[in-house]
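Observations on the model geometry
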Amino acid sequence: GSGSAAAREHAAGALANLANGRPEHAEAVGAAKALPPLLALLQQAPEGKDAAALRGCGGAGVAARAASALALASLHAPNAAEVRSEGGVAVLATALGAGVSEAAAALVNVSKGDAAARDALLAAGGAALIVREVSAGAPAAQAEAAGAIATLAADSARLAEAVVAAGGGGP
């Protein structure tokens, strides 16, 4: 992508704000073809010490904003389908594995109600990644991940089994 990291972060944040709570705006984000560039922002994640700069502090950062925008836009079913068709489940699982906790909500919204997306989530190790967030993430990330587990487990017996196998079955 072009532009500075700050400009990309602000653009992704603006899309997240636009899609938040307004179905017609979420639809507009998809219609504007903004979803593939948001996925691309998640794939530009640097390694090592640069990864912390990408994520920022307290959930800020380019990847966090992009994941939040994808989560909110994917509440609109056609957007979720587009994210799936663009390989978004694997991209989001990779981002979650890299510490972008906001990707958990996007994974839920993209995967809910779609068997192929749930299979992709399982294949990418997404259940274990979400369980890890519950035990090791920041408090807000823990709450988000717990909600993700509840939603995904209710949606799929196979995902519920994967959550338990990953240690998310409770005491």
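Residues numbered from 1 in each chain as written. Predicted model: local features only at pLDDT ≥ 70, side-chain atom pairs only at ≥ 80, totals over all residues. Heavy atoms only, no water.

**Quick word on the overall build of the chain**
The number of helices and strands found in the chain is 12 helices and zero strands. Each helix (α) and strand (β) of the chain, taken in turn from the N terminus, gives the series α-α-α-α-α-α-α-α-α-α-α-α. In the chain, buried positions account for 40% of the 171 residues. Look at the contacts in the chain between residues 6 or more apart in sequence, and 66% of them connect residues 24 or more apart. When the accessible surface of the chain is summed, it comes to about 8000 Å², and 58% of that surface belongs to carbon and sulfur atoms. (Helix = DSSP H or I, 4+ residues; strand = E, 2+ residues; numbered from the N terminus. Buried < 20%, exposed > 50% of the residue type's maximum accessible area, 1.4 Å probe, protein only. Contact = heavy atoms within 4.5 Å. Areas by Shrake-Rupley, 256 points an atom, 1.4 Å probe, with all protein chains shown as cover.)

**Details of the side chain of asparagine 79**
Relative to the helices and strands, asparagine 79 is located in helix α6 (residues 77–85). In terms of polar contacts, asparagine 79 uses its side chain to reach the backbone carbonyl oxygen of alanine 26, at 2.7 Å. Residue contacts for asparagine 79: discarding those within four places in its chain leaves Ala26, Glu27, Gly30, Leu35, Ala73 and Ser74. (Polar contact = N/O pair within 3.5 Å; in protein donor to acceptor, adjacent residues only side chain to side chain.)

**Thoughts on helix α8 (residues 103–111)**
Counting buried positions along α8 yields eight of nine residues, so the element is predominantly enclosed. Those residues of α8 hidden inside the fold are in contact with α5 (62–73), α6, α7 (88–97), α9 (115–123) and α11 (139–155). Within two residues after α8, glycine 113 carries a phi angle of roughly 80 degrees, on the positive side.

**What to know about the packing of α7 against α8**
Remark: α7 packs on α8, axes separated minimally by 9 Å, with the N-to-C direction vectors making an angle of 160 degrees. The orientation of α7 relative to α8 falls into the category roughly antiparallel. Considering how the two elements wind past one another, α7 and α8 form a crossing that is left-handed. Here α7 contributes Val89, Leu92, Ala93, Ala95 and Leu96 to the contact with α8, which in turn contributes Ala103, Ala104, Ala106, Leu107, Val110 and Ser111. Taken together, the residues of the contact of α7 with α8 sort by class into 10 nonpolar, one polar and no charged. (Axes fitted to C-alpha atoms, helices over the stretch in contact; angles between N-to-C directions. Parallel < 35°, antiparallel > 145°, perpendicular 65-115°, else oblique. Left-handed = near helix turned anticlockwise from the far one by under 90°. Nonpolar A, V, L, I, M, F, W, Y, C, P; charged D, E, K, R; others polar.)

**A word on unusual backbone geometry**
The residue lysine 33 is not glycine, and still its phi comes out positive at about 60 degrees. Tracing the chain through its elements places lysine 33 in the loop between α2 (23–31) and α3 (35–43). By relative accessible area, which is 57% here, lysine 33 ends up exposed.

**Structural notes on the pattern of salt bridges**
Applying the stated rule across the entire model yields four salt bridges. Arginine 84 is the partner of aspartate 114 in a salt bridge, and the nearest nitrogen-oxygen pair spans 3.4 Å. Of this pair, aspartate 114 sits in the loop between α8 and α9 while arginine 84 sits in helix α6, placing them 30 residues apart in sequence. On the basis of relative accessibility, which here comes to 25%, the residue arginine 84 falls in the partly exposed class. (Salt bridge = Lys/Arg side-chain N within 4 Å of Asp/Glu carboxyl O.)

**Let's talk about the nonpolar core**
Grouped together as the largest cluster of nonpolar side chains are 46 residues, with contacts concentrated most on Leu38, Leu42, Leu70 and Leu92. Sorting elements by how many residues they give to this core places α5 first, with eight residues. In contact with leucine 42, not counting residues within four places along its chain, are Ala63, Ala66, Ala67, Leu70, Val91, Leu92 and Ala95. (Core = buried A, V, L, I, M, F, W, Y, C linked by side-chain atoms within 4.5 Å.)

**Considering the packing of α7 against helix α10 (residues 126–136)**
Contact geometry for α7 and α10: axes closest at 10 Å, N-to-C directions at 30 degrees. Between α7 and α10 lies a crossing whose hand is left-handed. Across from Ala93, Leu96 and Gly97 in α7, the residues of α10 making contact are Leu129, Ile130, Arg132 and Glu133. Class assignment for the residues of the contact of α7 with α10 results in four nonpolar, one polar and two charged.

**What about the confidence of the model for the chain?**
Per-residue confidence for the chain gives a mean pLDDT of 83, with 87% of residues at or over 70. When the elements of the chain are averaged for pLDDT, helix α4 (residues 49–55) gives the smallest value, 47, and α6 the largest, 95. Here residues 53–59 scores under 50 on pLDDT; set against residues more than four positions off or in separate chains, the count is 15 contacts. (pLDDT = per-residue confidence, 0-100.)

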